[in-house]
Amino acid sequence: MADAVSPQRTCVGCRTVSDAAALTRFVLVGTQLTRDASGRSPGRGAWLHMDAACVEQARKRGAFARSFHRRVDDAVLDELLAELAVPGPDPETLGE
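This write-up is about the structure you can find in this document. Keep in mind that this is a model prediction, so the values were computed, not measured. (Residues numbered from 1 in each chain as written. Predicted model: local features only at pLDDT ≥ 70, side-chain atom pairs only at ≥ 80, totals over all residues. Heavy atoms only, no water.)

**What about the overall build of the protein chain?**
Right, on to step 1. Counting its regular elements, the protein chain contains 3 helices and 5 strands.
Right, on to step 2. Listing the helices and strands of the protein chain from first to last along the sequence gives β-β-β-β-β-α-α-α.
Right, on to step 3. Looking at the protein chain as a whole, 29% of its 96 residues qualify as buried. (Helix = DSSP H or I, 4+ residues; strand = E, 2+ residues; numbered from the N terminus. Buried < 20%, exposed > 50% of the residue type's maximum accessible area, 1.4 Å probe, protein only.)

Below you can see the structure in the form of structure tokens.
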């Protein structure tokens, strides 16, 4: 029996094809861009690496508006950039 193949999706930021598990799905609710935590919300989705460089590229290129074929309020991207810019704890100092 063949191994199960993980679904592949393209990041709208860097345009790299990756496993869907490595990306976050976004959907459009009205004109508001929203993270789809379940990955199963109805409608068209756009996938993005949760990486500051990918988020910034997607915003600069208007990738979400292009993906959804309509104007998108992408204020959530600014929030994501702020979250991703906050450095996490240093793994070397966690054990001290």
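Let us keep going from here.
**Side note on the layout of surface pockets**
Summary: where empty space remains is shown by rolling a probe the size of a single water molecule over the atoms.
Right, on to step 1. A volume near 160 Å³ is recorded for the largest pocket.
Right, on to step 2. Listing elements by their share of the lining of the largest pocket, those giving two or more residues are β5 (45–48) and α2 (63–68).
Right, on to step 3. Split by residue class, the lining of the largest pocket holds 4 nonpolar, 3 polar and 3 charged. (1 Å grid on protein atoms, 1.4 Å probe; cavity = no way out; pocket = protein on both sides within 12 Å on 5 of 7 lines; lining within 4 Å. Points joined across faces, edges and corners; volume = space filled by probe spheres on them. Nonpolar A, V, L, I, M, F, W, Y, C, P; charged D, E, K, R; others polar.)

**Observations regarding the pairing of strand β4 (residues 32–35)**
Right, on to step 1. Alignment of strand β3 (residues 24–29) against β4, held across 4 bridges, turns out to be antiparallel. Bridge pairing in β4 links F26 to R35. (Pairing = 2+ DSSP bridges.)

**Quick look at the sheet that holds β3**
Right, on to step 1. Sheet architecture is open: 3 strands sit in the order β4-β3-β5, paired in antiparallel fashion. Each edge of the open sheet carries a strand with a single partner, namely β4 and β5. Across the sheet, the mean angle from the axis of one strand to that of its neighbour is 35 degrees, orientation sign disregarded.
Right, on to step 2. The pairing of β3 with β5 spans 4 bridges and is antiparallel. Within the sheet, the bridge partner assigned to V27 lies in β5 and is G45.
Right, on to step 3. Here helix α3 (residues 75–85) sits on the sheet and contacts β3, β4 and β5; the angle it forms with β4, its principal contact strand, is near 40 degrees. (Axes fitted to C-alpha atoms, helices over the stretch in contact; angles between N-to-C directions. Contact = heavy atoms within 4.5 Å.)

**Quick look at the environment of D19**
Right, on to step 1. For D19, the position within the fold is in strand β2 (residues 17–19).
Right, on to step 2. On the basis of relative accessible area, D19 is assigned to the partly exposed category, the value being 36%.
Right, on to step 3. It is 6.2 Å that separates the C-alpha atoms of D19 and R9, two residues lying 10 residues apart in sequence.
Right, on to step 4. Non-local contacts of D19, meaning those with residues more than four positions away in its chain, are made with S6, P7 and Q8.
Right, on to step 5. A polar contact of 2.4 Å, which involves the side chain of D19, links it to the side chain of Q8. (Polar contact = N/O pair within 3.5 Å; in protein donor to acceptor, adjacent residues only side chain to side chain.)

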